[in-house]
Amino acid sequence: MNTARTDDFIRNRIKNGKQGGMPAFAVMFNDADIDRIIAYIRALKPQED
Ligand code: HEM
């Protein structure tokens, strides 16, 4: 939420993960899936009190 990361960074992280940090999801998600995941992440907003 509110990340300064670029779409390309997020796409790469989801596809390839990070050694010792996050598993890769390229087997589960194709590029169209990842586009939708990024759109979802971009739509997330902090709770307003
Ligand atoms: C077993 C499941 C998962 C684990 C254990 C996991 C773990 C992690 C960890 C530890 C990081 C930080 C890596 C670093 O040091 O930079 C990370 C980053 C990230 N994860 Fe996951 N993750 C999981 C699933 C997912 C899924 C399902 C998605 C989205 C579909 C996702 C998207 C991301 C993204 C976009 C980042 C980068 C955030 C940033 O650096 O700004 N992760 N994940």
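To start, this report covers the structure provided alongside it. Source: prediction; values computed, not measured.

Next up on the list: the pattern of salt bridges. A side chain of one charge can pair with a side chain of the opposite charge when the charged atoms of the two come close. For the structure on display, the rule yields five salt bridges. The partner of Asp-35 in a salt bridge is Arg-11, and the shortest N-O contact between them spans 2.4 Å. Placement of Asp-35 in helix α2 (residues 31-43) and of Arg-11 in helix α1 (residues 7-16) is noted, with a sequence separation of 24 residues between them. Among the residues examined, Arg-11 registers a relative accessible area of 22% and is labelled partly exposed. Its salt-bridge partner being Arg-36, residue Asp-33 comes within 3.0 Å of it at the nearest N-O pair. Here Arg-36 and Asp-33 lie together in helix α2, a separation of three residues that amounts to about one turn. You can call Asp-33 partly exposed: its relative accessible area is 21%.

Procedures and definitions
Residues numbered from 1 in each chain as written. Predicted model: local features only at pLDDT ≥ 70, side-chain atom pairs only at ≥ 80, totals over all residues. Heavy atoms only, no water. Salt bridge = Lys/Arg side-chain N within 4 Å of Asp/Glu carboxyl O. Helix = DSSP H or I, 4+ residues; strand = E, 2+ residues; numbered from the N terminus. Buried < 20%, exposed > 50% of the residue type's maximum accessible area, 1.4 Å probe, protein only.

Any functional reading would require information beyond the geometric quantities listed.
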